[in-house]
Amino acid sequence: MDEYSEHSGTDVNEDLDEETLFVVSQTFKALGDPTRIRILHLLFHHEYSVNQIAETLRLRQSTVSHQLRFLKNLRLVKNRRQGTTLYYSHDDEHVINLLKQTINHAYHC
Ligand SMILES: [Zn+2]
């Protein structure tokens, strides 16, 4: 049994339920933005503060904060506070793997 049929709980021939469809389309929407892709890619291996992300990717802090809020609402990133600094890391292996797969796909196009 593959991972899909294991988690679907329904016959694979049946239609997806509305909630699943919503989450899947939100996930692709989250990955459908170049800035969010760059941020998630940066967070593949370790955590970064908003400042560090902004400097590394040469983005405005306000842009980074905005996109991190978006990703956090979808629980694709999480943060922890150390002193006055928030450090962000990814919070979902599935979506990181999806992004890795898609980057590999881009390399052979
Ligand atoms: Zn491919």
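Here, every reference points to the structure presented above.
A short tour of the structure in this document, coming up. (Residues numbered from 1 in each chain as written. Predicted model: local features only at pLDDT ≥ 70, side-chain atom pairs only at ≥ 80, totals over all residues.)

1. Side note on the overall build of the protein chain
Each helix and strand counted, the protein chain has six helices and three strands in total. Counting from the amino terminus, helix and strand elements in the protein chain follow one another as α-α-α-β-α-α-β-β-α. Counting all 109 residues of the protein chain, 15% fall into the buried class. (Helix = DSSP H or I, 4+ residues; strand = E, 2+ residues; numbered from the N terminus. Buried ≥ 20, exposed ≤ 12 C-beta atoms within 10 Å, placed from the backbone.)

2. Some points on the packing of helix 4 (residues 50-57) against helix 5 (residues 61-73)
Following both chains from N to C, one finds helix 4 and helix 5 inclined at 115 degrees, their axes separated by 9 Å at the closest point. By crossing handedness, the relation of helix 4 to helix 5 is classed as right-handed. Contacts between helix 4 and helix 5 pair Val50, Asn51, Ile53 and Ala54 from the former with Gln61, Val64, Ser65 and Leu68 from the latter. Its residues assigned to classes, the contact of helix 4 with helix 5 comprises five nonpolar, three polar and no charged. (Axes fitted to C-alpha atoms, helices over the stretch in contact; angles between N-to-C directions. Left-handed = near helix turned anticlockwise from the far one by under 90°. Contact = placed C-beta atoms within 7 Å. Nonpolar A, V, L, I, M, F, W, Y, C, P; charged D, E, K, R; others polar.)

3. Comments concerning the environment of Asn79
The topology assignment puts Asn79 in strand 2 (residues 77-82). We classify Asn79 as partly exposed; it has 16 C-beta atoms within 10 Å. Here the alpha-carbon distance between Asn79 and Glu47, two residues 32 residues apart in the chain, equals 8.6 Å. Filtering out sequence-adjacent residues up to four positions away, Asn79 remains in contact with Leu86, Tyr87 and Tyr88.

4. Description of helix 5
Relative to the 18 Å expected for 13 residues at 1.5 Å per residue, helix 5 spans 18 Å between its end C-alpha atoms, a close match to the ideal helical length. Listing the buried residues of helix 5 in full gives Val64, Gln67, Leu68 and Leu71. Buried positions in helix 5, seen along its axis, are confined to an arc of 105 degrees and lie on one side of it. Exposed residues lying more than 90 degrees from the buried face of helix 5 are Ser62, Arg69 and Asn73. Check the buried side of helix 5 and you find it contacts helix 2 (18-30), helix 3 (34-42), helix 4, strand 2 and strand 3 (85-90). Directly after helix 5, the chain includes Arg75, whose backbone phi takes a positive value near 55 degrees. (Expected span 1.5 Å × (residues − 1). Arc of directions from axis to C-beta.)

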